[in-house]
Amino acid sequence: VNIREQCSWAHRREREAAAAKASRRVRAGIARTRLGVPLADLRIETTPGALVVGAGVAGMRAALALAGLGLAVYLVERAAEVGGRVPAWGRMFPNDRAGAEMIDTLRQAIRRRGNITLFTDAEVTGKSGSVGDFSVKVLVRGAQEIALHVGAIVVATGFDPYAPKAGEFGHGLPGVVTLPEFRELLSGANGELRYRDRAVRNIVYVYCVGSRQGETEENPHPNRYCSRFCCTAAVHTALLVNAADDRVNQYHLYRDMRTYGKNEILFEDAGRKGSVFLRFADDAPPAVEQADGELLVRVRDGLLGGEEISIPADLVVLVTGMAPRENAGLANVLKLPVDAGGFFNEIHPKLRPVETLIDGVFIAGAAQGPKTLAESVTSSLAAVSKGAALLLKGYVDLSPLVAKVDAERCAWCGECEKTCPYDGAVEKVRQGEKEVAYVHPALCKGCGGCVPVCPVEAIDLEGYTNAQVKAMIDALVREAV
């Protein structure tokens, strides 16, 4: 009985009334306990194997960590090659290693692990079972279906770069490119930066393209979130331009500079090496125009009292953010919820940051939301620690506070199955000569949503049965003598 938060703290200035409320709550607690029965945790033996969906950096690091703990690991990648988008990124901060080199190191480490099985050009098409005991179907190269038996699943499917709409900040005009496109162009620069056989002397970076957007008629469902990595990626790119061709003038049009943590070093270094930073207001974004075949960018500089500045540009680089990857099929198979931005959703961002509503299914990397590479690896190792803690113990104990069906009362109307938010937790079974509902204890979360919709009161929630709740109400309203 919660006396502290619900009585003492809530009614500090009403001591007598708080004491009376506490007495009623104690009576209710006793009334419920009188009707209680002993309940034991449901113990399920776990399979010492894990499935990792997505073979980008987060997925490969998760696979290697799980394999290092002695678990069998199945790594499934939808593309023909591993690594996701990292191989095309070139040199990266802070270790200055090329993305392709980093991916090759991870690929070689996976090949040396005898307990990692890699499937490329493959996707998950089916899942059944519960935490510690999942049966998963994987379709390889569109032809061969493989059945896997695992105890935990880590989803690290990554992201898609935001694709600007036609005309958005001049997108579609010659000389207007996205940051990923510019990085590929930059990787081929040798002494002089050129675009379409012309030397590049002025570059304008437009930040927050596809992030922190406002709702417009052309874009009724904008991305409200900050993509976190874009500011750092842009200033790091500016430093790479300096190294490739120090004759280039670079202008950064930003809303808020979010090179947080150690990445602040990049921002300061870019400024010292000549990059010019101009801040624009939310309601006054830059305008990219083309006049006489030349690009011109107009912006009101918020740091100079709103003065309008016109910048001629050889290249306009749209600093695009992260967008959720198209994963409707996988989300449907695994029954994963998504957040307002379209990314896979965790139970709690601080207390349970990599766990999902489906026990034994964890999320990691940019599939969960925009992250830097280091943050993606950190979340993947957090998912590994949670999954391995279940599997290495050999069993998992589940709460006994689940729904239970009285088969004698039940006549199967299907309302409980319609109401249940957990796939497969309620199903129709035959008992004797009639069909009744059955609740799988390993899949039920004890939310109680099925209890009030049953027309014959055939469902009870263990620990909070109808009889117990009614007894509590009677005790609360009874006046003390």
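See the structure above.
What you are looking at is a predicted structure, and each value in this text was computed from that prediction instead of being measured. Going along each chain's sequence as written, the residues are numbered from 1 onward. Given that this is a predicted model, residues contribute local features only at a pLDDT of at least 70 and side-chain atom pairs are listed and counted only at 80 or more, while totals for whole chains, interfaces and linings are drawn from all residues. The basis for the side-chain values is all heavy atoms of the structure; hydrogens and waters are excluded.

1. Re the overall build of the protein
Counting from the N terminus, the helices are the DSSP runs of H or I reaching at least four residues and the strands are the DSSP runs of E reaching at least two. Looking only at helices and strands, the protein features 11 helices and 28 strands. Each principal axis of the C-alpha atoms in the protein carries an extent, and together these give about 90 × 65 × 40 Å. Between two residues, a contact is recorded if the distance between any of their heavy atoms is within 4.5 Å. Expressed as a percentage of contacts within the protein between residues at least 6 apart in sequence, the contacts between residues at least 24 apart total 64%. Only four residue types enter the charge count, namely Lys and Arg as positive and Asp and Glu as negative; His and the chain termini do not. Charge placement uses NZ in Lys and CZ in Arg. For Asp and Glu, CG and CD serve respectively. Across the protein, the mean location of the 57 positive side-chain charges is 6 Å away from that of the 58 negative side-chain charges.

2. Here's the deal with helix α11 (residues 466–477)
The span expected for a helix works out to 1.5 Å for each residue beyond the first. Helix length check: α11, at 12 residues, gives a terminal C-alpha distance of 17 Å against a target of 16 Å (1.5 Å per residue), a fit within 8%. Exposed residues in this analysis have more than 50% of their type's maximum accessible area, buried residues have under 20%, and partly exposed residues fall in between, with area computed by a 1.4 Å probe over protein chains only. Taken as a whole, α11 has its buried residues at Q468, A471 and A475. When α11 is viewed along its axis, its buried side chains cluster within an angular range of 60 degrees and face the same direction. Turned more than 90 degrees away from the buried face of α11 sit D474 and V477, all of them exposed. On its buried face, α11 is in contact with α2 (15–34). This arc corresponds to the set of directions leading from the helix axis out to the C-beta atoms.

3. Details of the pairing of strand β19 (residues 294–301)
Where strand β18 (residues 287–291) and β19 come together, 5 bridges link them in antiparallel fashion. Bridge assignment links A291 to a residue of β19, and that residue is E294. Any two strands between which DSSP finds at least two bridges are classified as paired. Counting the residues between successive antiparallel strands, the hairpin from β18 to β19 contains 2 residues, one of them, D292, with a positive phi of roughly 55 degrees. With 7 bridges joining them, β19 and strand β20 (residues 307–313) adopt antiparallel strand pairing. Directly across from L295, in β20, lies its bridge partner A313. Counted along the chain from β19 to the antiparallel partner β20, the turn is 5 residues long, and its residue G305 has a positive phi close to 75 degrees.

4. With respect to the sheet that holds strand β17 (residues 276–279)
Each strand in a sheet pairs with its neighbour through backbone hydrogen bonds, running either in the same direction (parallel) or in the opposite one (antiparallel). With parallel pairing, 5 strands are arranged side by side in an open sheet as β12-β21-β15-β16-β17. If you trace the sheet from one side to the other, it starts and ends with β12 (176–178) and β17, each paired once. For this sheet, the mean inter-axis angle between neighbouring strands, taken without regard to orientation, is 25 degrees. As judged from the 4 bridges shared by strand β16 (residues 249–254) and β17, these two strands associate in the parallel manner. When the bridges of β17 are listed, Y251 appears paired with V276. Across the sheet, helix α5 (residues 179–187) is in contact with β12, β15 (202–209) and β21 (315–320); its angle to β21 comes to roughly 125 degrees. Axis definition: a line fitted to C-alpha atoms, over the contacting stretch in the case of helices. Angles run 0 to 180 degrees between N-to-C directions.

5. Some points on the pattern of salt bridges
The salt bridge criterion pairs a side-chain nitrogen of Lys or Arg with a carboxyl oxygen of Asp or Glu, the two atoms within 4 Å. Counted according to the given criterion, the structure contains 28 salt bridges. For D269, the salt bridge goes to K273, with nearest N and O atoms at 3.7 Å. Between R298 and E289 there is a salt bridge, with the nearest N and O atoms lying 3.2 Å from each other. Several salt bridges share partner residues, and in doing so they unite E192, R194, R201, D245 and R247 into one network.

6. What about the environment of K386?
Note that K386 resides in helix α9 (residues 373–393). Overall, the relative accessible area of 39% leaves K386 in the partly exposed class. In this structure, the C-alpha to C-alpha distance between K386 and R352, residues 34 residues apart in sequence, is 9.7 Å. Once residues lying within four places of it in the same chain are set aside, the contact partners of K386 are V354, E355 and F362.

7. Section: the nonpolar core
Judged by nonpolar contacts, the single largest core of 34 residues is most densely connected at V52, M60, L66, V73, L75 and I116. Those elements that provide at least two residues to this core are β2 (49–53), α3 (57–68), β3 (72–76), α4 (99–112), β10 (152–155) and α9. The dominant element in this core, judged by the number of residues it contributes, is α3, at 8 residues. Definition used in this section: a nonpolar core is a set of buried Ala, Val, Leu, Ile, Met, Phe, Trp, Tyr and Cys residues joined via side-chain atoms within 4.5 Å. V177, V200, V317 and M322 belong to the second largest nonpolar core, which has 32 residues in total.

8. Examining the pairing of β2
Here β2 lies mainly inside the structure; 5 of its 5 residues are buried. Pairing analysis gives 5 bridges linking β2 to β3, with the strands arranged parallel. Following the sheet pairing, V52 is matched in β3 by L75. Where β2 and β10 come together, 4 bridges link them in parallel fashion. When the bridges of β10 are listed, A50 appears paired with A152.

9. Some details on helix α6 (residues 230–244)
Quick reminder: α-helices carry 3.6 residues per turn. Residues three or four places apart thus point the same way. Counted at 1.5 Å a residue, the expected span for α6 with its 15 residues is 21 Å, and the 21 Å between its end C-alpha atoms agrees. Judged by how many residues are buried, α6 sits mostly within the fold: 13 of 15 residues are covered.

10. Comments concerning the packing of α5 against α6
Where α5 contacts α6, the two axes come as close as 11 Å, and the packing angle between them is 20 degrees. Between α5 and α6, the crossing angle belongs to the class labelled roughly parallel. Seen from above, α5 lies across α6 with left-handed handedness. When α5 is examined against α6, the residues L179, F182, R183 and L186 are found in contact with a partner set consisting of A233, A234, H236, T237, L240, V241 and A244. Under this scheme an angle from 65 to 115 degrees is roughly perpendicular, one under 35 degrees roughly parallel, and one over 145 degrees roughly antiparallel; angles in between are oblique. In this scheme the crossing of two helices becomes right-handed for a clockwise turn of the near helix relative to the far one and left-handed for an anticlockwise turn of less than a right angle.

11. A closer look at a nonpolar patch on the surface
Nonpolar side chains (Val, Leu, Ile, Met, Phe, Trp, Tyr) within 5 Å and like charges within 9 Å form the patches, drawn only from residues with over 30% relative accessible area and no salt bridge. All accessible-area figures derive from a Shrake-Rupley calculation using a 1.4 Å probe, and residue coverage is judged against the displayed protein chains alone. A contiguous nonpolar surface patch, about 660 Å² in accessible area, is contributed by V37, L39, L401, Y464, V469, I473, L476 and V477. Assignment of secondary structure puts V469 in helix α11. A residue is classified by how much of its surface remains accessible, and V469, at 35% relative accessible area, is partly exposed.

12. Description of the side chain of T46
Tracing the backbone through its elements, the reader meets T46 in the loop between β1 (42–45) and β2. By relative accessible area, which is 11% here, T46 ends up buried. In this structure the side chain of T46 is engaged in a polar contact, spanning 3.5 Å, whose partner is the backbone nitrogen of Y395. When near neighbours in sequence (up to four residues on either side) are disregarded, T46 contacts G132, L390, L391, G394, Y395 and V396. In the analysis that follows, any N or O atom pair within 3.5 Å is treated as a polar contact, provided that within protein one partner can donate a hydrogen and the other can accept it, and provided that, for residues neighboring in sequence, both atoms belong to side chains.

Everything listed here is a matter of geometry and, on its own, says nothing about what the molecule does.
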